[in-house]
Amino acid sequence: MASGADVVVIGGGVVGTSIAFHLARLGAGSVTLLERSPGLAAGATGRSGALVRTHYTNAPEAAMAQAALPWFEGWADRVGGACGFVRTGFLQVVDAADTALLKENTAVLQGLGVDTRVVDAAEARALEPGLAIADGEFAAYEPRSGYADPVATTESLAAAARRLGVEIRLGSVVRGLCGSGSRVTGVKTARDMIAADIVVVANGCWSVPLLARIGVKLPIEAHRAQRTVVARPPEMRGERGHLTVIDRRTGVYTRPHGVDGTLVGLSRAADRLASPDGVDVEPGFPERARDRLALTFPAFAGAAITLSKAGPLDVTPDHCALIGPVEGMDGIVLAAGMSGSGFKKAPAIGACVAELIVEGAATTAPIEAFDPARFTRGAGVERRDYTVGGEDDTSRDALVH
């Protein structure tokens, strides 16, 4: 059996559903989204830390995150439904040795329109009394940032896409891409063939074997991402119980989880995987994450561990996404390689990919730096990264969330 669509989107995570929604919003014609699992957000999205912030150490990612923030803030009006966005405020804390770099990066962000400023230890303690920060240390503060619910975000995007006419097929395993020569003309699933003018590949780590079948090698490796939820001390309870924080000194990222829990992950605990399927939590990780969190928030020392999850990240050499046409292959657009930092940018990534397809160019945010072919030219995205503590040593090579 055969069917057809103007655009097929492969991947039912937050990026794929965002692309499908924006395609329909911009009048792309018939759009079909395919997801291999029985439910949405079954891969990296469902295990996301779901931080919503704009502090990056390179302008392209910061611009994309900045373009996405108003979508989270105005979700009910822009998308409909709920994404679970909670505005807690956000702190990026760095080692004292990185103070000059923090100030330089923050100035770049301010030039992009980000509402942020550098705060000293005294102001950081006033903003977040539970934070361990010594005099002479600094942080960047964003009052508009916070966190969201990754599953609710994905499901509300899908619901909005359906209202606009998108067909969403769950449990639809893509077996391969159809085409002739250097042009992709459709998708082969386990049950049928779907002809399409454009195929958008947005299925994370699973993009690699799919495109390898047509001779396209993606610079993406699968890494394990792990998150733990711990019980929050009574004095910090509530939906906005504490600021969302990335602490480069300890290698921790953290934010509230519900009214009495706190989610914590480690920026450098993302080991390489042979396969993105069946990813489990590493033994000892929950306790290690909690103990690192206690270096940032001492009140969490010995906190009860309530939940832990693991999932696959699609990581590129420069830890930045691959967004745009695939060089040498017509009819296909890539949106993968999010490197653990796609959730907060997803509303803007979806808009950019849809604009590229429907209008010929992305206007929501610049995407040139994310060209999937950039590594063949030796032109990865340049970052001005902070030292990251935690695990066995310190490094400037860490996944950021």
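The paragraphs below set out a description of the structure included in this document.

Reading the values: the criteria
- The numbers attached to residues start from 1 for each chain and follow its sequence in the written order.
- In keeping with the model being predicted, local features are shown solely for residues with a pLDDT of at least 70 and side-chain atom pairs are shown and tallied solely at 80 or more, while totals for entire chains, interfaces and linings include all residues.
- As a rule here, side-chain values cover all heavy atoms of the structure and leave hydrogens and water aside.
- Put simply, DSSP H or I for four residues or longer makes a helix, DSSP E for two residues or longer makes a strand, and each gets a number counted from the N terminus.
- One fewer than the residue count of a helix, multiplied by 1.5 Å, yields its expected span.
- Think of it in three bands: residues with accessible area under 20% of the maximum for their type are buried, residues over 50% are exposed, and the middle band is partly exposed, with areas taken using a 1.4 Å probe on protein chains only.
- For two strands to be treated as a pair, DSSP must find no fewer than two bridges joining them.
- The convention used is that axes are lines fitted to C-alpha atoms, helices contributing only their stretch in contact, and that angles between N-to-C directions extend from 0 to 180 degrees.
- Residue contacts follow a heavy-atom distance rule, with two residues in contact if any of their heavy atoms lie within 4.5 Å.
- Whenever a nitrogen or oxygen atom comes within 3.5 Å of another N or O atom, the pair is scored as a polar contact, on the condition that within protein one atom can donate a hydrogen and the other can accept it, and that pairs from neighbouring residues in sequence are kept only if both atoms are in side chains.
- Here, nonpolar core refers to any group of buried Ala, Val, Leu, Ile, Met, Phe, Trp, Tyr and Cys residues whose side-chain atoms link them within 4.5 Å.
- Angles are sorted into four bins: roughly parallel if under 35 degrees, roughly antiparallel if over 145, roughly perpendicular if 65 to 115, and oblique for all others.
- Each crossing gets its hand from how the near helix is turned against the far one by less than a right angle, where anticlockwise is left-handed and clockwise is right-handed.
- In this count, Pro and Cys sit with the nonpolar residues alongside Ala, Val, Leu, Ile, Met, Phe, Trp and Tyr, while Asp, Glu, Lys and Arg are called charged and the others, Gly among them, polar.
- Centres within 6.5 Å are what make two rings of Phe, Tyr or Trp a pair, Trp counting through its six-membered ring; a difference in plane orientation under 30 degrees is then read as stacked, over 60 as edge-to-face, and the rest as tilted.

Side note on helix H1 (residues 14–25)
Phase 1 of the analysis: Over its twelve residues, H1 runs 16 Å from end to end, which matches the ideal 16 Å to within 8%, given 1.5 Å per residue.
Phase 2 of the analysis: For H1, the buried fraction is high: eleven of the twelve residues fall into the buried class.
Phase 3 of the analysis: Restricting attention to buried positions, one finds in H1 the residues Val 14, Val 15, Gly 16, Thr 17, Ser 18, Ile 19, Ala 20, Phe 21, His 22, Leu 23 and Ala 24.
Phase 4 of the analysis: Just past H1, the residue Gly 27 takes up positive phi, approximately 75 degrees.

Comments concerning the sheet that holds strand E16 (residues 261–266)
Phase 1 of the analysis: The strand order E6-E7-E5-E14-E15-E16-E13-E17 describes an open sheet built from eight strands, whose pairing is mixed. Both outer strands of the open sheet, strand E6 (117–120) and strand E17 (305–315), are each paired with one neighbouring strand and no more. If you compare each strand with its neighbour and ignore which way they point, the axes differ by 25 degrees on average.
Phase 2 of the analysis: When strand E5 (residues 90–93) meets strand E14 (residues 244–247), the two strands line up parallel, connected through four bridges. Each bridged residue has a counterpart across the sheet, and for Val 93 the counterpart in E14 is Asp 247.
Phase 3 of the analysis: In the packing of helix H8 (residues 285–296) onto the sheet, contacts are made with strand E13 (221–231), E14, strand E15 (252–257), E16 and E17, and the angle to E16 comes to roughly 100 degrees.

A short note on the sheet that holds strand E8 (residues 146–147)
Phase 1 of the analysis: Taken in spatial order, the three strands make up an open sheet running E3-E8-E4, and their pairing is antiparallel. The two strands at the open ends of the sheet, each matched to only one other strand, are strand E3 (51–52) and strand E4 (86–87).
Phase 2 of the analysis: The sheet contact formed by E4 and E8 spans two bridges and is antiparallel. By the bridge assignment, Arg 87 is partnered in E8 with Gly 146.

A short note on helix H6 (residues 150–163)
Phase 1 of the analysis: Between its first and last C-alpha, H6 extends 20 Å over 14 residues, near the 20 Å set by a 1.5 Å rise per residue.
Phase 2 of the analysis: Among all positions in H6, only Pro 150, Thr 153, Thr 154, Ser 156, Leu 157, Ala 158, Ala 160 and Ala 161 are buried.
Phase 3 of the analysis: Packing partners of the buried residues in H6 comprise H1, helix H2 (59–73), helix H3 (75–78), strand E9 (167–170) and E15.
Phase 4 of the analysis: Capping the start of H6, Asp 149 holds a side-chain oxygen 3.0 Å from the backbone nitrogen of Val 151, two or three residues further along.
Phase 5 of the analysis: Of the residues trailing H6, Gly 165 is marked for its positive phi of about 105 degrees.

Digging into the nonpolar core
Phase 1 of the analysis: With 51 residues, the main nonpolar core has Val 15, Ile 19 and Met 64 as its most contacted residues.
Phase 2 of the analysis: If one sorts the elements of this core by residue count, H1 sits on top with seven residues.
Phase 3 of the analysis: Once residues within four sequence positions are removed from consideration, Val 15 is found in contact with Ala 202, Ala 335, Met 338, Ala 346 and Ile 349.
Phase 4 of the analysis: Of all hydrophobic cores here, the second largest spans 23 residues; its members include Leu 34, Ile 194, Ala 196 and Val 201.

Examining the pairing of E13
Phase 1 of the analysis: The element E13 is extensively covered by neighbouring structure, given that nine of its eleven residues are classed as buried.
Phase 2 of the analysis: Note that E13 and E17 share ten bridges and pair antiparallel. Bridge pairing in E17 places Ala 222 opposite Asp 314.
Phase 3 of the analysis: Relative to E16, E13 runs antiparallel, the two being bridged by four bridges. Bridge pairing links Val 229 to Leu 263 in E16.

Focus on the packing of H1 against helix H9 (residues 346–359)
Phase 1 of the analysis: Taken N-terminus to C-terminus, the directions of H1 and H9 make an angle of 45 degrees; their axes are 7 Å apart at the nearest point. Looking at the two axes, H1 sits oblique to H9. Handedness of the crossing formed by H1 with H9: right-handed. Here Val 14, Val 15, Ser 18, Ile 19, His 22, Leu 23 and Arg 25 of H1 lie close against H9, whose contacting residues are Ala 346, Pro 347, Ile 349, Gly 350, Ala 351, Val 353, Ala 354, Ile 357 and Val 358.
Phase 2 of the analysis: Here the residues of the contact of H1 with H9 sort into twelve nonpolar, three polar and one charged.

A few points about the packing of aromatic side chains
A ring pair, where both rings are aromatic, is described by two values, the distance of the centres and the angle of the planes.
Phase 1 of the analysis: With the rule as written, the count across this model stands at five aromatic pairs.
Phase 2 of the analysis: Judged by centre distance (5.6 Å) and plane angle (20 degrees), the ring pair of Phe 72 and Trp 75 falls under stacked. Neither residue differs from the other here; Phe 72 and Trp 75 are each classed as buried.
Phase 3 of the analysis: Measuring from ring centre to ring centre gives 5.5 Å for Phe 72 and Phe 343, while their planes differ by 40 degrees; the resulting arrangement is tilted. On the criterion of sequence distance, the pair formed by Phe 72 in helix H2 and Phe 343 in the loop between strand E19 (332–336) and H9 is long-range, its members being 271 residues apart. In this pair, the class of Phe 72 matches that of Phe 343, namely buried.

Some details on the side chain of Glu 137
Phase 1 of the analysis: On the secondary structure map, Glu 137 appears in the loop between helix H5 (121–127) and strand E7 (138–142).
Phase 2 of the analysis: For Glu 137, a relative accessible area of 16% corresponds to the buried category.
Phase 3 of the analysis: At a separation of 2.9 Å, a polar atom in the side chain of Glu 137 contacts the main-chain amide nitrogen of Ala 134.
Phase 4 of the analysis: In this structure the side chain of Glu 137 is engaged in a polar contact, spanning 2.7 Å, whose partner is the side chain of Arg 249.

Some details on unusual backbone geometry
Glycine aside, residues mostly have negative phi angles, and peptide bonds mostly take the trans form.
Phase 1 of the analysis: At Ala 50, a position not held by glycine, the phi torsion is positive, near 60 degrees.
Phase 2 of the analysis: Structurally, Ala 50 can be placed in the loop between strand E2 (31–35) and E3.
Phase 3 of the analysis: Accessibility expressed as a relative area gives 3% for Ala 50, which makes it buried.
Phase 4 of the analysis: Even without being a glycine, His 319 presents a positive backbone phi close to 60 degrees.
Phase 5 of the analysis: Relative to the elements of secondary structure, His 319 occurs in the loop between E17 and strand E18 (322–325).

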